[in-house]
Amino acid sequence: MLIELALTGKFIVDIVKRLKSDKAFRTIGFLLFVLILVGTMFFWLVEGLPFLKALAYSVGTLSLNSPYDFRITFSTIGIVFNIIYIFIGVGVYLIFVMEVGRTIIAAHEDFEKKQAEKKALKKAQKEARLNESN
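Residues numbered from 1 in each chain as written. Predicted model: local features only at pLDDT ≥ 70, side-chain atom pairs only at ≥ 80, totals over all residues. Heavy atoms only, no water.

### Details of helix H2 (residues 23–46)
Reasoning step 1: With 24 residues, H2 ought to run about 34 Å at 1.5 Å a step, and its terminal C-alpha atoms sit 33 Å apart, in line with that.
Reasoning step 2: Among the residues of H2, those classed as buried are Phe25, Gly29, Leu32, Leu35, Ile36, Gly39, Thr40, Phe42 and Phe43.
Reasoning step 3: Between a side-chain oxygen at the N-terminus of H2 and the backbone nitrogen of Ala24 the separation is 3.2 Å; the capping residue is Asp22.
Reasoning step 4: Positive backbone phi, at 80°, marks Gly48, one or two positions downstream of H2. (Helix = DSSP H or I, 4+ residues; strand = E, 2+ residues; numbered from the N terminus. Expected span 1.5 Å × (residues − 1). Buried < 20%, exposed > 50% of the residue type's maximum accessible area, 1.4 Å probe, protein only. Polar contact = N/O pair within 3.5 Å; in protein donor to acceptor, adjacent residues only side chain to side chain.)

### Concerning the packing of H2 against helix H4 (residues 76–133)
Reasoning step 1: Packing of H2 against H4 brings their axes to within 9 Å, and their N-to-C directions diverge by 155°. What the angle tells us is that H2 and H4 run roughly antiparallel. Regarding H2 and H4, the two cross each other, and that crossing is left-handed.
Reasoning step 2: Tallied by class, the residues present in the contact of H2 with H4 amount to 19 nonpolar, five polar and one charged. (Axes fitted to C-alpha atoms, helices over the stretch in contact; angles between N-to-C directions. Parallel < 35°, antiparallel > 145°, perpendicular 65-115°, else oblique. Left-handed = near helix turned anticlockwise from the far one by under 90°. Nonpolar A, V, L, I, M, F, W, Y, C, P; charged D, E, K, R; others polar.)

### Focus: the nonpolar core
Reasoning step 1: Membership of the largest hydrophobic core comes to 16 residues, with the highest contact counts inside it found for Leu32, Phe43 and Leu62.
Reasoning step 2: Counting residues per element, the ones that place at least two in this core are H2, helix H3 (51–62) and H4.
Reasoning step 3: Sort the elements by how many residues they give to this core and H2 lands first, with six residues.
Reasoning step 4: Those residues in contact with Leu62, other than ones at most four positions away along the chain, are Leu32, Leu35, Ile36, Tyr85, Gly89, Val90 and Tyr93. (Core = buried A, V, L, I, M, F, W, Y, C linked by side-chain atoms within 4.5 Å. Contact = heavy atoms within 4.5 Å.)

### Quick look at the side chain of Asn82
Reasoning step 1: Along the chain, Asn82 turns up in helix H4.
Reasoning step 2: A distance of 2.9 Å separates polar atoms of two side chains, one belonging to Asn82 and the other to Tyr57.

### A few points about H4
Reasoning step 1: Taking 1.5 Å of rise per residue, the 58 residues of H4 would be expected to cover 86 Å, and the 84 Å separating its terminal C-alpha atoms lies within 8% of that figure.
Reasoning step 2: The largest bend along H4 reaches roughly 30° and is located at Gly89.
Reasoning step 3: Considered for burial, the residues of H4 that qualify are Gly78, Phe81, Asn82, Tyr85, Gly89, Val90, Val92, Phe96, Glu99, Val100, Thr103 and Ala107. (Bend = angle between axes of the 7 residues up to and from the residue.)

Geometric descriptors of this kind do not, in isolation, establish any biological role.
Below is the structure:
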C-alpha cells in the first residue's frame, strides 16, 4: 500500500515535470484548462448554476461522466453551447488523458528498470563476495 502511494506521488511529480518541459503537453493542458474555465463560466453565468455545480458539470461533460441532472433545464443557447462544448472539449480531454497515461507508463517502466538494475547489482555483489571467499 505504501509503495503504491509513493508511486502515485512520483507519477504526479513526473506529470508536473513533463508539463514544465514538454511544450505540446503543456499546450494541451492549458487548452483543457481554458475549456473547463469557459464551460464553467458559461454554465455559472448564463445558465445560473452555482459555481461548483457548473465546474462539476463542465469537467463531467468533458470526461464523458454523464453529469446530467434532469432537474436542470437549459436554455436553447445552453443546449447549443453544450453540443459545441462536447464536440470540441472531449477530444482535447481524451488527448490530455492519453498523454498523462503515457507519462505514467514511462515513469513506471523507468522505476521497474531501476529496481531490476538494483537487484542485478546486489546479485553481482553477492556473487563477487562468494568468489572472494573461495
